[in-house]
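Residues per chain are reported as follows:
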Amino acid sequence: PDPLLKPNDALIEVVRIKTQDTIRYLFYLLLPAKRQNQLQLYVHKVDSTWEAQAQNLFEILRSPSPHLTNAAYNLLWIFIDTLLPKNSKCLYFSPDGIYYRINPNALYNGKYFVADRYDVRYIASSRRLVTRRQRLPSHKPAVIGNPAFNQTPAEPAGVRTYRLFQSGIPPLPGAEAEANIIAQLLGVSPVVGDSASETYVKLLSSPHILHIATHGYFHEGTGSPLLRSGLLLAGAAVWDSLYPPPGVEDGHLTAREVSTLNLLGTELVVLSACETGLGDITGEGLYGLQRAFLEAGAQRVIATLWQIDDAATKELMSLFYQHWTSSNQPRKKHLPKPAESDTALDTAFTKALRLFRQRYKEPYYWGAFILMR
């Protein structure tokens, strides 16, 4: 069988442990067997002030015009960098605690970004890397974009976030153009406007790929995080402050509803919307949209950590699918083994981000995107 890690690979799993007076971050490091056949544990003792500083740095990273500094790198990553062998290239990274809020790729050390040194691949847990999965049957891809929210302002939105809107929900012309391009690459018809409804999504059964380009949201607060995170679909503006009659969907697809979808056999879900990678951090991990789609059966989820630009996101997604479909992986009648398909997907995502960064150099435009499995 293939080894768990190839030469020049490494795996780090982060575990946050909070006691009455201290916070400890445990870093489990696994290296290829030929290099060092053992699991190593490193402990980093911090406090609530340290986590508050990290949260402040996250707010800077997600601002549209951040001033590049090495503060976030020094606080969150320099310790990890010292653990990794110098010839490490591919890093499987399983986050916890404040590391759920940070995309390591976007951290800058004063000379280069972490993305320039490592191919960082997110995994929800190291178990996801160990488990050998079988290819399950799936149906044709589903591509959704720019639902008809109704009662919307005349001006389109510049970002795909719901929480900034005070009156109405702006349309997303970039999301519709994105859906048209991607649907053509995948050989299906896009689902837009009134057809991009909550009912349509709930009736889907194991689409090979599910791509949703719309407004997303995550509200900080109390109560279930599965009810405070979601996606907006057709009719969302109509029922934004009202309760729909029995049998009528409100256009707000919450993470709780997502967790009941049938996505067994779905290779990839793309949440091309704002803040879809956020949630509440608990002792059992991150609870929000991303987790809900994985629990529904999706093998991988592309999500975002902050507000994303409508036009720029269309470009990135187009680049990603062009690279992925160039190998015909998503459309082959006789699909490759899961491991081969996984590699093609990861490689396409990495290549697309590198090309995208050549045009959009600020982390705000590309640092929000993570691919989780």
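Because the structure is predicted, anything quoted here is derived from the model rather than measured.

## So, the pattern of salt bridges
- Tallied over the full model, the rule gives 15 salt bridges.
- Here Arg 357 and Asp 116 are joined by a salt bridge, their closest N and O atoms 3.0 Å apart. Taken as a pair, Arg 357 in helix α11 (residues 338-359) and Asp 116 in helix α4 (residues 114-117) lie far apart in primary sequence, 241 residues in all.
- Of the residues examined, Arg 357 reaches a relative accessible area of 16% and is grouped as buried.
- Judged by relative accessible area, which is 45%, Asp 116 ranks as partly exposed.
- Salt-bridge contacts for Arg 291 lead to Glu 295; the nearest nitrogen and oxygen are separated by 2.9 Å. Residue Arg 291 and its partner Glu 295 are both found in helix α9 (residues 289-295); the two are separated by 4 residues, about one turn of the helix.
- Looking at Arg 291, the relative accessible area reads 22%, which means it is partly exposed.
- Connected through salt bridges with shared partners, the residues Asp 119, Arg 121, Arg 300 and Asp 346 form a single ionic network.

## Details of the side chain of Asn 109
- Within the secondary structure, Asn 109 sits in the loop between β4 (90-94) and α4.
- For Asn 109, a relative accessible area of 18% gives the class buried.
- Separated by 2.8 Å, the side chain of Asn 109 and the backbone nitrogen of Lys 111 make a polar contact.
- Here the side chain of Asn 109 touches Tyr 112 through a polar contact of 2.9 Å, landing on its backbone nitrogen.
- If near-sequence neighbours (up to four positions away) are discounted, Asn 109 is found in contact with Asn 70 and Tyr 73.

## Topic: the packing of aromatic side chains
- Here the structure, examined in full by the defined rule, presents 17 aromatic pairs.
- Taking the centre distance of 5.4 Å and the plane angle of 55° together, the rings of Tyr 25 and Trp 50 count as tilted. One end of the pair, Tyr 25, is in strand β2 (residues 23-30); the other, Trp 50, is in helix α1 (residues 48-61), and 25 residues separate them in sequence. Just as Tyr 25 is buried, Trp 50 falls in that class too.
- Considering the side-chain rings of Phe 320 and Phe 349, the 6.0 Å spacing of their centres and the 85° angle between planes classify their relative orientation as edge-to-face. Taken together, the residues Phe 320 in helix α10 (residues 310-326) and Phe 349 in helix α11 connect sequence positions 29 residues apart. Phe 349 shares its class with Phe 320; the two are buried.
- Cluster of aromatic residues (ring-pair linked, three or more members): Tyr 25, Phe 27, Trp 50, Trp 77, Phe 79, Phe 93, Tyr 99 and Tyr 122.
- Note that Arg 291 overlies the ring of Tyr 287, its terminal NZ or CZ placed 4.3 Å from the centroid.

## A short note on the environment of Ser 326
- Within the secondary structure, Ser 326 is located in helix α10.
- A sequence separation of 22 residues divides Ser 326 from Ala 348, and the C-alpha atoms of the two residues are 9.3 Å apart.
- At a separation of 2.6 Å, a polar atom in the side chain of Ser 326 contacts the main-chain carbonyl oxygen of His 323.

## Examining the side chain of Thr 266
- Tracing the chain through its elements places Thr 266 in the loop between α8 (255-258) and β12 (268-272).
- At a separation of 2.7 Å, a polar atom in the side chain of Thr 266 contacts the main-chain carbonyl oxygen of Pro 207.
- Residues in contact with Thr 266, not counting those within four places in the same chain, are Ser 206, Pro 207, His 208, Leu 210, Gly 297, Ala 298 and Gln 299.

## Focus: the environment of His 215
- Within the secondary structure, His 215 sits in the loop between β8 (209-213) and β9 (216-218).
- In the structure, His 215 is positioned 46 residues away from Ile 169 in sequence and 8.7 Å away in space, judged by C-alpha atoms.
- Polar side-chain contacts of His 215 include one of 2.8 Å to the backbone oxygen of Pro 170.

## A look at helix α6 (residues 173-186)
- Between the first and last C-alpha of α6 there are 20 Å, a value that for 14 residues agrees with the 20 Å anticipated at 1.5 Å per step.
- Listed as buried for α6 are Gly 174, Ala 175, Glu 178, Ala 179, Ile 182, Ala 183 and Leu 186. Angularly, the buried residues of α6 cover 160° about the axis, an arc narrow enough to put them on a single face.
- Buried residues in α6 make contact with β6 (142-147), β7 (191-193), β8, β12 and α10.
- Among the residues trailing α6, Gly 187 stands out with phi positive, at a value near 75°.

Thresholds, definitions, all that
The residue count restarts for each chain, going from 1 along the sequence in the order it is written. It should be noted that, the model being predicted, local features are given only for residues of pLDDT at least 70 and side-chain atom pairs only at 80 or more, the latter also being counted only at that level, while totals for whole chains, interfaces and linings use all residues. With hydrogens and water excluded, all non-hydrogen atoms of the structure serve as input to the side-chain values. Salt bridge, as applied in this entry: a Lys or Arg side-chain nitrogen positioned within 4 Å of an Asp or Glu carboxyl oxygen. Helix and strand assignments follow DSSP, with helices taken as H or I runs no shorter than four residues and strands as E runs no shorter than two, numbered in order from the N terminus. Burial classes: relative accessible area under 20% of the type maximum marks a residue as buried, over 50% as exposed, and values in between as partly exposed (1.4 Å probe, protein chains only). In protein, a polar contact requires one atom able to donate a hydrogen and another able to accept it; more generally it is a pair of N or O atoms within 3.5 Å, and residues adjacent in sequence count only if both atoms are side-chain atoms. Only heavy atoms matter for contacts: two residues are in contact if any of them lie within 4.5 Å across the pair. Under the pairing criterion, centres of Phe, Tyr and Trp rings, with the six-membered ring standing for Trp, must be within 6.5 Å; the plane angle then separates stacked pairs below 30 degrees from edge-to-face pairs above 60, leaving the rest tilted. Put simply, a charge is over a ring when the Lys NZ or the Arg CZ is close to the ring centre, within 6 Å, and near the line of the ring normal, within 35 degrees. For a helix, the expected span equals 1.5 Å multiplied by the number of residues minus one. Directions drawn from the helix axis to the C-beta atoms are what define this arc.

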